[in-house]
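# Results of the structural survey
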Amino acid sequence: MSDGQWDRIRNGQGFIAALDQSGGSTPGALATYGVDQDAYSTPDEMFDLVHALRVRIATSPAFDSRILGAILFEGTMRRDIDGVPAATFLWERKSVVPFVKIDKGLTGTTNDVQLMALIPGLGDLLTEARQNSVFGTKARSLIHEANKDGISTLVEQQFEVGEQVLRGGLVPIIEPEVSIASSSKSDAEALLREQLLTRLDTVSSPVILKLTLPETAGYYRSLIDHPKVVRVLALSGGYSLEESVQRLSENPGVIASFSRVLTDGLHADQSPEQFNTRLDRTIGVIAAASVTTQT
């Protein structure tokens, strides 16, 4: 973790790309990209194919200074991009700050939330990430409805893991996603904001928050202004590119950290020129919304 990385994340103009599709989300991402499931027969083959997509994105000339950071899947951190370790490539060749996804998926639903599953070997993973010049981590849990007990438990778990990340020398992205399909989304966001503000007052060091774009414009201003918050990121959560960007533009101080919409319109059969042109257009739209919403 360098001063340059800190400055880029705190003060940079742009957004954070999420390139961290896991085993559960990778088949869908590949299908959207035009790679059907009959193109691979094992998990290793599947991850080889999605890594090729990530390499294509990261090495594109469109993947430029508008990208402040990139969240990597754990396996991607252990692979090379253009002949060098992925995190090294991102920072030294692109000035993109590397993060790594550390969660291992979700538990079943209890009290209308899904907590993070156990993360075995987290200490070793944090050490490995730090040795690879990774700046921070990301861990996701999911809120379905406005259940105070469930949201309280979920936020507490997020910060417990976040404290372990901080002790490991990295900066956590805390991601308590509120489902866009929730029938009580506004109420869930109110409970979440309350719990986050309470827990932020006791966290040992500043953290990054990654939140669903809210129903009320500017709703997370108090979180953006909190001294223990480095940045507030927005996840797209299933919204289209157009709606994601529109909602982002209504939330000053929030910058994007999109995954699915980042690859909008990309296809395996595109020529390099077609691919780069489409990626450049998408990055431009997301970055413009993120830049105009910064303080």
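Placed above this text is the structure.
Here the structure is a predicted model, which is why all the values come from computation and not from measurement. (Residues numbered from 1 in each chain as written. Predicted model: local features only at pLDDT ≥ 70, side-chain atom pairs only at ≥ 80, totals over all residues. Heavy atoms only, no water.)

### Some points on the pattern of salt bridges
Inspection of the entire model under this criterion finds 18 salt bridges. Two residues, Asp 82 and Arg 93, come together in a salt bridge whose shortest N-O distance is 2.9 Å. Taken together, the positions of Asp 82 in the loop between strand S3 (80-81) and strand S4 (84-85) and Arg 93 in helix H5 (residues 86-94) put the pair 11 residues apart, joining distant regions of the chain. The closest approach of N and O atoms between Glu 175 and Lys 138, which form a salt bridge, is 3.1 Å. One end of the pair, Glu 175, is in strand S8 (residues 171-178); the other, Lys 138, is in strand S7 (residues 136-143), and 37 residues separate them in sequence. Residues participating in the shared-partner salt-bridge network are Lys 185, Glu 189, Glu 215, Glu 243 and Arg 247. (Salt bridge = Lys/Arg side-chain N within 4 Å of Asp/Glu carboxyl O. Helix = DSSP H or I, 4+ residues; strand = E, 2+ residues; numbered from the N terminus.)

### Observations concerning the layout of surface pockets
Here the largest pocket is characterised by a volume of approximately 780 Å³. Considering the residues around the largest pocket, the lining is formed by 35 residues, among which Gln 21, Ser 25, Arg 140, Ser 259 and Arg 260 are closest to the centre. Those elements giving two or more residues to the lining of the largest pocket turn out to be helix H2 (26-33), S7 and S8. For the lining of the largest pocket, the element with the most residues is H2, which contributes 4 residues. When its residues are assigned to classes, the lining of the largest pocket shows 11 nonpolar, 13 polar and 11 charged. (1 Å grid on protein atoms, 1.4 Å probe; cavity = no way out; pocket = protein on both sides within 12 Å on 5 of 7 lines; lining within 4 Å. Points joined across faces, edges and corners; volume = space filled by probe spheres on them. Nonpolar A, V, L, I, M, F, W, Y, C, P; charged D, E, K, R; others polar.)

### Quick word on the packing of helix H7 (residues 148-167) against helix H8 (residues 185-200)
A pair of packed helices is characterised by two quantities: the angle between their axes and the separation of those axes. Contact geometry of H7 with H8 gives a least axis separation of 10 Å together with a crossing angle of 40°. By the criterion of interaxial angle, the relationship of H7 to H8 is oblique. H8 is crossed by H7, and the crossing has right-handed handedness. Between H7, through Lys 148, Ile 151, Ser 152, Val 155, Glu 156, Phe 159 and Glu 163, and H8, the contact on the second element is made entirely by Ala 188, Leu 191, Leu 192, Gln 195, Leu 196, Arg 199 and Leu 200. Per-class residue counts for the contact of H7 with H8 are 8 nonpolar, 2 polar and 4 charged. (Axes fitted to C-alpha atoms, helices over the stretch in contact; angles between N-to-C directions. Parallel < 35°, antiparallel > 145°, perpendicular 65-115°, else oblique. Left-handed = near helix turned anticlockwise from the far one by under 90°. Contact = heavy atoms within 4.5 Å.)

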